[in-house]
Amino acid sequence: MTTKLFSQPRRAALSALAAIAASGTAVAVLLVSGTGASAAEAPVGLGTAANFSVLAGSTVTNTGPSFLAQSLGVSPGNTAPGFPPGIVGGEVHLGDAVALQAKNDLTTAYNDAAGRTPFTNLPAELGGTTLLPGVYRIGAAQLTGTLTLDSQGDPAAVFIFQIASTLITAPNSSVVFINGSSPCNVYWQVGSSATLDTGTRFMGNILAQTSITMNTGATLQGRALAQTGAVTLDTNTINAPVCLQPTGTPTQTPTGQPTGTPTGTPTSTPTGQPTGTPTGQPTVTPTGQPTARPTRSELPVTGSSGDAALLPVLTGIGSVAVATGAALLLLYRRRRSES
């Protein structure tokens, strides 16, 4: 058994429980050792397999009006009888490149989940148990009744179940969440096959090595992903798992970027350019030009603006001519009077 690191208070609690375990009360050990998750686990990356509600190796068979919220894929097989009446909300990929890539991504995710450490060992029966986030290892898992997953207020909390052989639920069993747990961060790595019995309400991503069977009326909020065998459905509903982890990130990105860009750029460009050009140009040109030209038009209209410099000269010549004429006239009259 591999043990996780604990805070001081929990180490003390486990020491006390070790004495109880020695007396043979295995159920009490289960309840507390299940809380042994310390460091937060990273989610298991599903790659393109995350786009599929059902993925199988050989075939997918369906009876009744089953509903798959996401895509359906088979590879290397290429058959999926029973659709319709089954309904696929996404796409159907049978033996094509998309299904092959999803299967390869599933293999990577399966190996990732199977290799996570440290882990806490659990007994086979999960019913009636409340578990905290962490990695749990089970030989063969049985669920009778209700398994409660408590994220302790962290919606990004991760639960990984490493099951060596089979996962089997009893009729009308269920997995429930409290305190903000997210089905998309729950992973069931199953070493052989998984069976969800009639009326079971299950949560999380089932990553089975061989096959997955959902009996009549069983529902799954998550994904049924089988590597080599078949997925068998009978009037089932598989909804996409609600993932609460991205809630914080999207809110910050849209709020910051749109607000800064539109407000800054449009305001400065339109306001500066239109106001400066119309106000400055019309005021200087009309005012300066008309004012100067009328002033010059007060000069004699006989000449252009270039003849204005000749005016004093012509005036002087005229004055001399008049004076000369007057003198000659006076001289002429005087001589006439003498004669």
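Since this is a predicted model, take the numbers as computed values, not measurements.

Caption draft 1: Quick look at the overall build of the protein. Within the protein, the regular secondary structure consists of five helices and 21 strands. With 339 residues in all, the protein has 35% of them scored as buried. Considering only contacts in the protein between residues 6 or more positions apart, those separated by 24 or more positions represent 54%. Here the protein displays about 17500 Å² of accessible surface, and carbon together with sulfur accounts for 63% of that area.

Caption draft 2: A look at the packing of aromatic side chains. The final tally for this structure, using the stated rule, is three aromatic pairs. When the ring of Tyr136 is compared with that of Phe161, the centres are 5.7 Å apart and the planes differ by 25°; the resulting orientation is stacked. Remark: Phe161 occurs in strand β12 (residues 159-163) and Tyr136 occurs in strand β9 (residues 134-138); sequence separation between them is 25 residues. Look at Phe161 and you get buried, because its relative accessible area is 0%. The interplanar angle of 45° and the centroid separation of 4.8 Å between the aromatic rings of Trp188 and Phe202 together place this pair among those described as tilted. With a gap of 14 residues between them, Trp188 in strand β15 (residues 186-190) and Phe202 in strand β17 (residues 201-208) connect regions that are remote in the sequence. Of the aromatic side chains, those joined through ring pairs into one cluster are Tyr136, Phe161, Trp188 and Phe202. The ring centre of Phe119 lies 3.7 Å from the NZ or CZ of Arg137, which sits over that ring.

Caption draft 3: Seen up close, the sheet that holds strand β13 (residues 167-169). An order of β2-β20-β18-β16-β13-β10 is seen for the six strands of this open sheet, with the pairing classed as parallel. The open sheet terminates on both sides in strands that have one partner only, identified here as β2 (60-63) and β10 (141-143). Pairs of neighbouring strands in the sheet enclose a mean axial angle of 10°, with direction left out of account. As paired strands, strand β16 (residues 194-196) and strand β18 (residues 212-214) are joined by three bridges and run parallel to one another. Across the sheet, Thr195 pairs through a bridge with Thr213, a residue of β18.

Caption draft 4: Summary view of the pattern of salt bridges. If you walk through the whole model with that rule in mind, you get two salt bridges. In this structure, the salt-bridge partner of Glu41 is Arg116, at a minimum N-O distance of 3.0 Å. A residue pair is termed long-range when its members are at least 10 positions apart, and Glu41 in the loop between α2 (26-33) and β1 (52-56) and Arg116 in the loop between α3 (97-114) and β7 (120-121) qualify at 75 residues. Residue classification places Glu41 among the buried positions, given a relative accessible area of 18%.

Caption draft 5: Region of the structure containing the nonpolar core. Judged by nonpolar contacts, the single largest core of 42 residues is most densely connected at Val60, Phe161 and Trp188. Excluding residues within four positions of it along the chain, Phe161 makes contact with Leu131, Tyr136, Ile138, Leu147, Leu149, Val186, Tyr187, Trp188 and Gln189. In terms of nonpolar packing, the next biggest core, distinct from the first, is built from 17 residues, Ala113, Tyr187, Leu207 and Leu225 among them.

Conventions and cut-offs
Residues numbered from 1 in each chain as written. Predicted model: local features only at pLDDT ≥ 70, side-chain atom pairs only at ≥ 80, totals over all residues. Heavy atoms only, no water. Helix = DSSP H or I, 4+ residues; strand = E, 2+ residues; numbered from the N terminus. Buried < 20%, exposed > 50% of the residue type's maximum accessible area, 1.4 Å probe, protein only. Contact = heavy atoms within 4.5 Å. Areas by Shrake-Rupley, 256 points an atom, 1.4 Å probe, with all protein chains shown as cover. Phe/Tyr/Trp six-rings, centres within 6.5 Å; stacked < 30°, edge-to-face > 60°. Lys NZ or Arg CZ within 6 Å of the ring centre and 35° of its normal. Pairing = 2+ DSSP bridges. Axes fitted to C-alpha atoms, helices over the stretch in contact; angles between N-to-C directions. Salt bridge = Lys/Arg side-chain N within 4 Å of Asp/Glu carboxyl O. Core = buried A, V, L, I, M, F, W, Y, C linked by side-chain atoms within 4.5 Å.

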